[in-house]
Amino acid sequence: MRWSQAFIPTLRDDPTDAEAASHRLLVRGGYIRQLMSGVYSLLPLGYRVRTKVIAIIREELDAIGGQELLLPAMHPREIWEKTGRIEAMADILFTLSDLRGGDAILGPTHEEIFATVATELTSYKQLPQLWYQIQTKFRDEARPKSGLLRVREFTMKDSYSFDVDTSGLDEQFDRHFAAYNRIFERLGVTAVAVEASSGAMGGSDSIEFIVPSPAGEDDIAHCPACGYAANVERASSRIPAIDDEPGPDQPQRFPTPDVRTIVDLVEFEGGASADRQIKTLVYVLDGEPTLVLLRGDHELHEQKLQDGTGAIDIRPGQPDEILELLGADAGSLGAVGVSGPRILADLQLADRTNMVTGANLNDHHIRGVDVDRDIAVTDWLDLRTVVAGEGCPECGEALEVFRGIEAGHIFKLGTKFSETLGATVLNADGVPVPLVMGSYGIGVERNMAAVVEMNYDDDGIVWPVSVAPYEVVITAVKIDDEATMTVANRLYDDLNDAGIDVLIDDRDERPGVKFNDAELIGIPYRVTVGPRGLANDIVELADRRSGEKTELQIEDAAEEVAALVAGSRFPVSSLQSPVPR
RNA sequence: CGGGACGUAGCGCAGCUUGGUAGCGCGCAUCGUUCGGGACGAUGAGGUCGCCGGUUCAAAUCCGGCCGUCCCGACCA
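Definitions and limits used
- Residues numbered from 1 in each chain as written.
- Chains lettered and ligands numbered in written order.
- Predicted model: local features only at pLDDT ≥ 70, side-chain atom pairs only at ≥ 80, totals over all residues.
- Heavy atoms only, no water.
- Near = heavy atom within 4 Å.
- Polar contact = N/O pair within 3.5 Å; in protein donor to acceptor, adjacent residues only side chain to side chain.
- Helix = DSSP H or I, 4+ residues; strand = E, 2+ residues; numbered from the N terminus.
- Core = buried A, V, L, I, M, F, W, Y, C linked by side-chain atoms within 4.5 Å.
- Buried < 20%, exposed > 50% of the residue type's maximum accessible area, 1.4 Å probe, protein only.
- Domains from an automatic or database assignment.
- Contact = heavy atoms within 4.5 Å.
- Buried area = accessible area lost by both parts, 1.4 Å probe.
- Salt bridge = Lys/Arg side-chain N within 4 Å of Asp/Glu carboxyl O.
- Nonpolar A, V, L, I, M, F, W, Y, C, P; charged D, E, K, R; others polar.
- Pairing = 2+ DSSP bridges.
- Patch = residues over 30% accessible without salt bridge, like charges linked within 9 Å, V, L, I, M, F, W, Y side chains within 5 Å.
- Areas by Shrake-Rupley, 256 points an atom, 1.4 Å probe, with all protein chains shown as cover.
- Lys, Arg positive; Asp, Glu negative; His and termini not counted.
- Charge placed at Lys NZ, Arg CZ, Asp CG, Glu CD.
- Axes fitted to C-alpha atoms, helices over the stretch in contact; angles between N-to-C directions.
- Phe/Tyr/Trp six-rings, centres within 6.5 Å; stacked < 30°, edge-to-face > 60°.
- Lys NZ or Arg CZ within 6 Å of the ring centre and 35° of its normal.

Asker: How do you make sense of the protein's contact with RNA strand B when you look at a structure like this?
Answerer: Near RNA strand B lie 49 residues; those nearest to it are Arg139, Arg150, Met156, Glu302 and Arg532. Taking all atoms of RNA strand B within 4 Å of the protein, the share assigned to sugar and phosphate is 51%. The contact in question runs from a phosphate oxygen of RNA strand B to an N or O atom on the side chain of Gln306, over 3.3 Å. The contact in question runs from a base oxygen of RNA strand B to an N or O atom on the backbone of Gly533, over 2.7 Å. Secondary-structure elements contributing two or more residues to the surface near RNA strand B are β1 (32-36), β8 (153-163), α8 (302-309), β21 (400-414), α14 (511-521), β29 (525-529) and α15 (531-534). It is α14 that provides the largest number of residues to the surface near RNA strand B, a total of 7 residues.

This is the structure:
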């Protein structure tokens, strides 16, 4: 491509509304433009990167036996009603109506539709099957942000596996795990495999691939000693047990004027340290008011509450609901003697004695509470948020917590979708059994952004060769110098002939502008052709990542650059991803 | 959804407090000089001041409503 004819609208200034590095650089570099909140146009450079990312994903999926198909983006409402996800995913579904007044939805994911297609499978002899597509998804995210990192319309590679039993599923899951690791390695990002919550997908097991980055939105608990890694939505930890002093035979109510918070009660004369308090929260789970109990110094993780109860709609109780349920306002709540609503307690409260909690009478608390004796706990659940420094659940070493981008997610779904949608096959005994499904997703544009988040410097993007829009840029320093243009054009032709993606900067611009643009858009190799070098029969090769410059003899340049590029197309990563357990 | 901010030329911004027919930098076009790390001079093109309504002789500016965008939080396969 000749830069003089290319549409590469680079900007001199940073866009003010871009915070994340990838957002800022992709806009400035002329890769993307926003059309509306969470919806982006990919300009020629962006589209080239996307194409390369997709090619890598496709190769690795094909390598594990995937068959590519393309299902519709628009779905009938009825299928989503059958599986109940019309409610479970209601808050992100784009819906629309057709001329007959029928309802359709724009697919946020395709388990339902793939399972519907899979009803045509009839025999275990046809299994296993691995189907995938690369297609547009629509999710009406409440808060799109950070450029391509969190959008409402995006491309996803989603694959679905169909097996006759769970051992078959396990195999396909492991194959995807390996394929995903190869994909991230080739994209030039570190992705850490972590245990994750399955959320609205349901199913037994899921693993997320997290690219560590401050621009991410997931918090990961990680053990540097043994490699344990889990999303805090799901992570557990070891913490020291508390030695309770013996309490009285009966809980005792006492006045606590103006005490509203855990900290108030810590500071109150006759109060208690936070780890000796019971925090009582009121949540409404699918319309049902529910008490949620945690140790005073622990924080609830709502995803754990959702996963632990299976509730779809979950929200904190309103002040009036709380008052009606317990007869007191937040700040004086407790579960002692409460019998109506469900009472969910965090595991760390088990066997605790001599605790302090609210009395369900404003400005009063109760001390001497024995959890087993005094509170009618309905369910014991792991509800608290793991914090850095707590002990690894596997080996006890201190956990670290880091932030990252969810670049991929793989799920063992089981038979949830196949049962509801009637996707069964006959097994070897002639008995109909539901297909055992897995589903596996990787977001294309989000991964483009993740690559940038991990590969940039003060001058711009530093693409890995594997996904760079162009592998080489030839910078012609002086376009009205005949010798310069002859050499530059010949090099351009030779590299094109060698199958290299090459951009020649033949614009009538000053060299500084050309160098800066080349660095901003992040082309891995730059060959500078100009009178100064030609006087010595050389051109100059610059490595974007290292900044290193080497001189090449004119006659060898094309061959050397082509060899260099070919050798760096498949980066061998030295990065290690912790093995999932 | 709660909180905060913003919306004026392709991009980045000023002007608004105190109403009087819109300005700066970059970019763009033409010419000249220059040109191996974001050149200089001259000339020029380009704007429904987010939208609707109100106040006023007069609204980018004051008032009301709406729309849009970003940030924090909530939420999120």
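Asker: Would you explain the nonpolar core in this entry?
Answerer: With 63 residues, the main nonpolar core has Tyr31, Phe184, Leu187, Phe209 and Trp463 as its most contacted residues. At 8 residues, the largest contribution of residues to this core is made by helix α6 (residues 166-187). Two domains share this core, each providing at least three of its residues, namely domain 1 (15-235 + 400-453) and domain 3 (462-567). What Trp463 contacts, discounting residues up to four positions off in sequence, is Leu26, Tyr31, Val49, Met448, Val451, Val452, Ala468, Pro469, Ile521, Gly522, Pro524 and Arg545.

Asker: Explain the domain arrangement of chain A to me, please; I cannot follow it from the model alone.
Answerer: How big an interface is tends to be stated in terms of accessible area lost as the parts join. With domains assigned, chain A is organised as domain 1 (15-235 + 400-453), domain 2 (252-381) and domain 3 (462-567). Listed by partner, the interface residues are 8 residues for domain 1 and 5 residues for domain 2. The largest per-residue losses of area from domain 1 upon contact with domain 2 belong to Ser197, Val232 and Glu233, which jointly make up 59% of the total buried on that side. Linking domain 1 with domain 2 are 0 salt bridges. Counting across the interface, domain 1 meets domain 2 through 1 residue pair in polar contact (both at pLDDT 80 or more). In terms of residue class, the side of domain 1 that touches domain 2 is made up of 3 nonpolar, 2 polar and 3 charged.

Asker: Looking at this structure, I do not really get the pairing of strand β10 (residues 205-212). What am I missing?
Answerer: For a regular strand, side-chain orientation follows a simple rule: the groups alternate between the two sheet faces. When you tally the buried positions in β10, you get 6 out of 8 residues, the bulk of the element. Of the strand pairs in this sheet, strand β9 (residues 192-195) and β10 are connected by 4 bridges, and their pairing is antiparallel. Following the sheet pairing, Ala193 is matched in β10 by Phe209. Sheet analysis places β10 next to β21, joined by 8 bridges and oriented antiparallel. Opposite Asp205, over in β21, you have Lys412 as the bridge partner.

Asker: Would you take a moment to explain the side chain of Ser159 for this structure?
Answerer: By the element assignment, Ser159 lies in strand β8. At 2.9 Å, the side chain of Ser159 forms a polar contact with the side chain of His176. When near neighbours in sequence (up to four residues on either side) are disregarded, Ser159 contacts Leu61, Leu130, Trp131, Tyr132, His176, Gly438, Ser439 and Tyr440.

Asker: Whenever I open this one, a negative patch on the surface confuses me. Can you help?
Answerer: Together, Asp537, Glu555, Asp556, Glu559 and Glu560 make up a negatively charged patch on the protein surface. With respect to the element layout, Asp556 can be found in helix α16 (residues 554-567). Residue classification places Asp556 among the partly exposed positions, given a relative accessible area of 33%.

Asker: Would you take a moment to explain the sheet that holds strand β27 (residues 472-476) for this structure?
Answerer: Two pairing modes exist for strands in a sheet, parallel and antiparallel, and in both the strands are linked by backbone hydrogen bonds. Spatial ordering of the open sheet is given by β28-β27-β29-β30-β31, a layout of 5 strands whose pairing is mixed. Lying at the two open borders of the sheet, with one neighbouring strand each, are β28 (502-505) and β31 (549-553). When the angles between neighbouring strand axes are averaged without regard to direction, this sheet yields 25°. Where β27 lies against β29, 5 bridges are found, and the strand directions are parallel. Residue pairing for β29: Ile474 is matched across the bridge by Val527. In this fold helix α13 (residues 482-497) packs onto β27, β28, β29 and β30 (538-543), with an angle of close to 170° to the strand it touches most, β27. Sheet strands touched by α16: β27, β29, β30 and β31. Its angle to β31, the strand with the most contacts, is close to 130°.

Asker: Mind showing me how you'd approach α8 here?
Answerer: Of all the residues in α8, the buried ones are Gln303, Lys304, Leu305 and Thr309. Tucked inside the fold, the buried residues of α8 contact β14 (278-285), β15 (288-295), β16 (314-316), β17 (342-346) and β20 (379-381). At the C-terminal side of α8, Gly310 shows a positive phi close to 75°.

Asker: Help me out: how do you make sense of the pairing of β1 in this one?
Answerer: As paired elements, β1 and strand β2 (residues 39-42) share 4 bridges and run antiparallel to each other. By the bridge assignment, Ile32 is partnered in β2 with Leu42. Between the end of β1 and the start of β2, which pair antiparallel, lie 2 residues, with Gly38 showing a positive phi angle near 75°.

Asker: Explain the side chain of Thr155 to me, please; I cannot follow it from the model alone.
Answerer: If you trace the backbone, Thr155 turns up in strand β8. Polar contacts involving the side chain of Thr155 include one to the side chain of Arg50, which spans 2.6 Å. Excluding its chain neighbours within four sequence positions, the residues that come into contact with Thr155 are Arg50, Ile54, Ile134, Gln135, Thr136, Ile442, Gly443, Val444 and Glu445.

Asker: Looking at this structure, I do not really get the packing of aromatic side chains. What am I missing?
Answerer: In this description, an aromatic ring pair is defined by two values, namely the gap between the centres and the angle between the planes. Enumeration over the complete set of coordinates arrives at 10 aromatic pairs. Plain terms: the ring middles of Phe173 and Tyr440 are 6.4 Å apart, the flat faces sit at 50° to each other, and that makes the pair tilted. Residue Phe173 is located in helix α6, and its partner Tyr440 is located in strand β24 (residues 436-443); the two are separated by 267 residues in the primary sequence. The residues Phe173 and Tyr440 share a single accessibility class, namely buried. Measuring from ring centre to ring centre gives 5.6 Å for Phe177 and Phe209, while their planes differ by 40°; the resulting arrangement is tilted. Within this pair, whereas Phe177 is found in helix α6, its partner Phe209 is found in strand β10, the two being separated by 32 residues in sequence. With a relative accessible area of 15%, Phe177 lands in the buried category. In this structure Phe209 comes out as buried when scored by relative accessible area, which is 0%. Between Arg367 and the ring centre of Phe254, over which it is positioned, the NZ or CZ distance is 3.8 Å.

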